[in-house]
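Residue-level structural notes
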Amino acid sequence: MGAPVTGELQVTYGRDVGGRPGSHEYVTKHRYDFTLWPKITPEAWTGARNEGNSSDPLTHLKNIDFGLRAIAHHLGETTR
């Protein structure tokens, strides 16, 4: 929260050598860009909808089937 949308993280750390703490220091840098996040996030999918006679029970069953397929699709996308 509050971090810039793009930036660089820098970590400095040391290592004990011969009993002397921090005698070797290392710096690791990593650039990040959160503007790319929406491009790799899966888009929601509502599933197909059967356009048939609304009084026909088969139309309702087909729409339920399409809805369940959409749910299965969304669950599958969560593992990406």
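Residues numbered from 1 in each chain as written. Predicted model: local features only at pLDDT ≥ 70, side-chain atom pairs only at ≥ 80, totals over all residues. Heavy atoms only, no water.

**So, the overall build of the protein chain**
- Helix and strand counts for the protein chain stand at two helices and two strands.
- Mapped from its N terminus to its C terminus, the protein chain presents α and β elements in the order β-β-α-α.
- Looking at the 80 residues of the protein chain, the share that counts as buried comes to 8%.
- Approximately 7,100 Å² of the protein chain is accessible, and the part contributed by carbon and sulfur atoms is 59%. (Helix = DSSP H or I, 4+ residues; strand = E, 2+ residues; numbered from the N terminus. Buried < 20%, exposed > 50% of the residue type's maximum accessible area, 1.4 Å probe, protein only. Areas by Shrake-Rupley, 256 points an atom, 1.4 Å probe, with all protein chains shown as cover.)

**Focus on the pattern of salt bridges**
- For the coordinates displayed, the defined rule picks out one salt bridge.
- Between Arg 69 and Asp 65 there is a salt bridge, with the nearest N and O atoms lying 3.1 Å from each other. With a gap of four residues between them, Arg 69 and Asp 65 both fall in helix 2 (residues 57-77), about one helical turn apart.
- Residue classification places Arg 69 among the exposed residues on the basis of a relative accessible area of 51%. (Salt bridge = Lys/Arg side-chain N within 4 Å of Asp/Glu carboxyl O.)

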